[in-house]
Amino acid sequence: MHKTAAYAATSATSPLAPWTLERRAPRTGEVLIDIRYCGVCHSDLHTVRGDWGPMDYPLVPGHEIVGHVAAVGEGVSRYKVGDAVGVGCFVDSCRACEHCKAGEEQYCAEGMVGTYAGRDRSTGEPTQGGYSTRITVHEDYVLRIPEGLPLDRAAPLLCAGITTWSPLKHFGLKAGDELAVVGLGGLGHMAVKLGVALGANVTVLSTSEGKRADALALGAHAFEVVGKDPAAGKKLARRFHMILDTASAAHDYNLYLGMLKVDGTMVLLGMPEPTLVGAGSLVMARRRLAGSLIGGIRETQEMLDFCAANGVVSDIELIDIADINDAYERMLRSDVRYRFVIDAASFGAA
Ligand code: NAP
Ligand code: ZN
Ligand code: ZN
């Protein structure tokens, strides 16, 4: 066992605070990872605050983990001590169902084991995430960080990157397509970068006028403020082949659906409070409203390799772990430019 510094929530309403947990020595096939950086995803905040249902505490969030292999268990074949590796949103699955066999472990029939707030499939113990200095994971659920990717700016690829990459590929974005991205936060800014890298014309639909210059600097071709005003809906009617909706708070889907061309697809990635969808928003132009959950291990590795080959990394604000509660408050105000990443070296100081 390895005593490991962490930050945990102890209830849905208390701030995250220092905590110590035990990481197991690697079992057969597992690697022990010294964590260097961990991105801060809005899902971390939703989870610890109980937005998606009651949780067990203490709870250590964090599923955008990068670090170096510190030890390997028996039978590990893919990684050796010192390798740069990553861990995303899940650390295990049944490996036997049709989805696991297809490399889409996130849709496992028995449920993927979340990197945090999950249960270890053999011991039943709660899993704890990357706001910590070490983690032990089976090599089959570990990603290789390709050479050339800076580790801190690669961390957000493990969730924000794959969550936006997977639907762009699955729903068939083509070069020259008109792509809209709703919400310029962690997911949104990766959607812009990946969409541009795949050759799309990208428009950011934001509630924050102050993000215009950033959106264009990130590579977006256009920027529109879309709030509650239906005028924006009229102006952009039938403009886009695809919309990736990354907004973290409730908003009117119908307004955005009207911006899809005939046969266009809007993919929900954010998971806010439910809102009603009028059938007419879909029926009148044979539109599709879809959803997408992160991505499988194989696809995540493909995305990482694509990012290394195309120079795609996240724009980050590196923070000390002691600043995590402020970072959460800023995330709630849509004031993220564009992903907070925890420097694990700061656990020593905390
Ligand atoms: P984030 O960094 O906080 O960004 C969310 C963005 O949503 C904000 O920056 C803001 O952008 C926009 N927004 C906020 N309130 C809005 C509103 N009322 N109407 C329209 N837009 C609004 O969050 P994130 O980490 O990117 O995560 C986004 C959502 O995706 C969260 O709900 C998260 O849980 C979810 N998520 C899903 C998956 C998946 O697998 N499907 C994976 C990871 C995260 P503007 O300032 O530009 O408006
Ligand atoms: Zn996430
Ligand atoms: Zn499965």
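Note on numbering: residues in each chain are counted from 1, in written sequence order. Here chains are named by letter from A upward and ligands by number from 1 upward, in the order in which they appear as written. Reporting in this predicted model follows two pLDDT cut-offs: at least 70 for local features of residues, and 80 or more for side-chain atom pairs to be given and counted; totals over whole chains, interfaces and linings ignore these cut-offs and use all residues. Water and hydrogen atoms were dropped before computing side-chain values, which therefore reflect all heavy atoms in the structure.

In the first shell of the zinc ion (ligand 2), the protein supplies Cys41 (SG), His63 (NE2) and Cys159 (SG), at 2.0 to 2.3 Å from the metal. Ordering the donors of the zinc ion (ligand 2) by residue number gives the pattern C-x21-H-x95-C. Pair noted here: His63 is in the loop between helix 1 (42–48) and strand 4 (65–72) and Cys159 is in the loop between helix 3 (151–154) and helix 4 (160–170), with a separation of 96 residues, a long-range link. The two residues His63 and Cys159 agree in class, both being buried. Think of the donor list as every N, O and S atom within 2.8 Å of the metal, or within 3.2 Å for Na, K and Ca; water never makes the list, so a site can look incomplete. Where helices and strands are cited, they refer to DSSP runs of H or I of at least four residues and of E of at least two residues respectively, numbered from the N terminus. The buried label applies to any residue whose accessible area, calculated with a 1.4 Å probe on protein chains only, is under 20% of its type's maximum; exposed applies above 50%, and partly exposed to all values in between.

Among the buried residues, those of types Ala, Val, Leu, Ile, Met, Phe, Trp, Tyr and Cys that are joined through side-chain atoms within 4.5 Å form a nonpolar core. Within the largest apolar cluster, 89 residues are counted, with the highest numbers of intra-cluster contacts made by Tyr131, Leu179, Ile324 and Tyr328. An automatic or database domain assignment is the source of the domain bounds shown. Three or more residues apiece are contributed to this core by two domains, here domain 1 (2–159 + 314–347) and domain 2 (161–291).

Interfaces are often described in size by the accessible area the parts lose on coming together. Here the protein is partitioned into domain 1 (2–159 + 314–347) and domain 2 (161–291). Look at where the C-alpha atoms of domain 1 and domain 2 centre, and you get two points 28 Å apart. The contact rule is simple, with two residues in contact once any of their heavy atoms fall within 4.5 Å. Facing the 14 residues of domain 1 at the interface are 16 residues of domain 2. Accessible area that two parts lose when put together, with a 1.4 Å probe and added across both, is what the buried area reports. Regarding the contact of domain 1 and domain 2, the summed buried area is about 1300 Å², with carbon and sulfur atoms giving 49% of it. A pair is scored as a salt bridge if a Lys or Arg side-chain nitrogen falls within 4 Å of a carboxyl oxygen belonging to Asp or Glu. For the pair domain 1 and domain 2, the number of links is 2 salt bridges. When the shortest N-O distance is used, the salt bridge between Lys193 and Asp315 registers 2.6 Å. Counted as a polar contact is a pair of N or O atoms within 3.5 Å, where, for protein atoms, one must be capable of donating a hydrogen and the other of accepting one, and residues adjacent in sequence contribute only when both atoms are in side chains. There are 14 residue pairs in polar contact (both at pLDDT 80 or more) connecting domain 1 and domain 2. Residue polarity is assigned by list, with Asp, Glu, Lys and Arg as charged and Ala, Val, Leu, Ile, Met, Phe, Trp, Tyr, Cys and Pro as nonpolar; anything else, Gly included, falls into the polar class. Residue composition of the side of domain 1 that touches domain 2, grouped by class: 6 nonpolar, 4 polar and 4 charged.

For a helix, the expected span equals 1.5 Å multiplied by the residue count minus one. Over its 14 residues, helix 10 (residues 297–310) runs 20 Å from end to end, which matches the ideal 20 Å to within 8%, given 1.5 Å per residue. Listed as buried for helix 10 are Ile297, Glu299, Thr300, Gln301, Met303, Leu304, Phe306 and Cys307. In the core, the buried residues of helix 10 are packed alongside strand 6 (90–92), strand 9 (143–144), helix 4 and helix 5 (186–197). Two residues or fewer past helix 10, Gly311 is found with a positive phi of approximately 65°.

Locating Ser166 in the fold gives a position in helix 4. When neighbours within four sequence positions are excluded, Ser166 is seen to be in contact with Ser292, Ile294, Gly295 and Glu299.

On to the site of ligand 1, then. By convention in this text, a residue qualifies as near a molecule or strand provided that one of its non-hydrogen atoms is within 4 Å of it. The environment of ligand 1 is formed by 31 residues, the closest being His42, Ser206, Thr207, Ser208 and Arg339. Here an oxygen atom of ligand 1 sits 2.8 Å away from a polar atom, N or O, in the main chain of Gly186. With respect to ligand 1, the backbone of Leu269 contributes an N or O atom lying 2.9 Å from a nitrogen atom. Only the protein chains shown count as cover for residues, and all accessible areas are computed by the Shrake-Rupley method using a 1.4 Å probe. Coverage of ligand 1 by the protein chains reaches 94% of its 920 Å² of free accessible surface. Of all elements in the fold, only helix 1 and helix 5 reach the threshold of two or more residues within the shell around ligand 1. In terms of residues, the shell around ligand 1 owes the most to one element, helix 1, which gives 3 residues. When the residues that make up the shell around ligand 1 are grouped by side-chain class, the tally is 13 nonpolar, 16 polar and 2 charged. Each of domain 1 (2–159 + 314–347) and domain 2 (161–291) accounts for three or more of the residues forming the shell around ligand 1.

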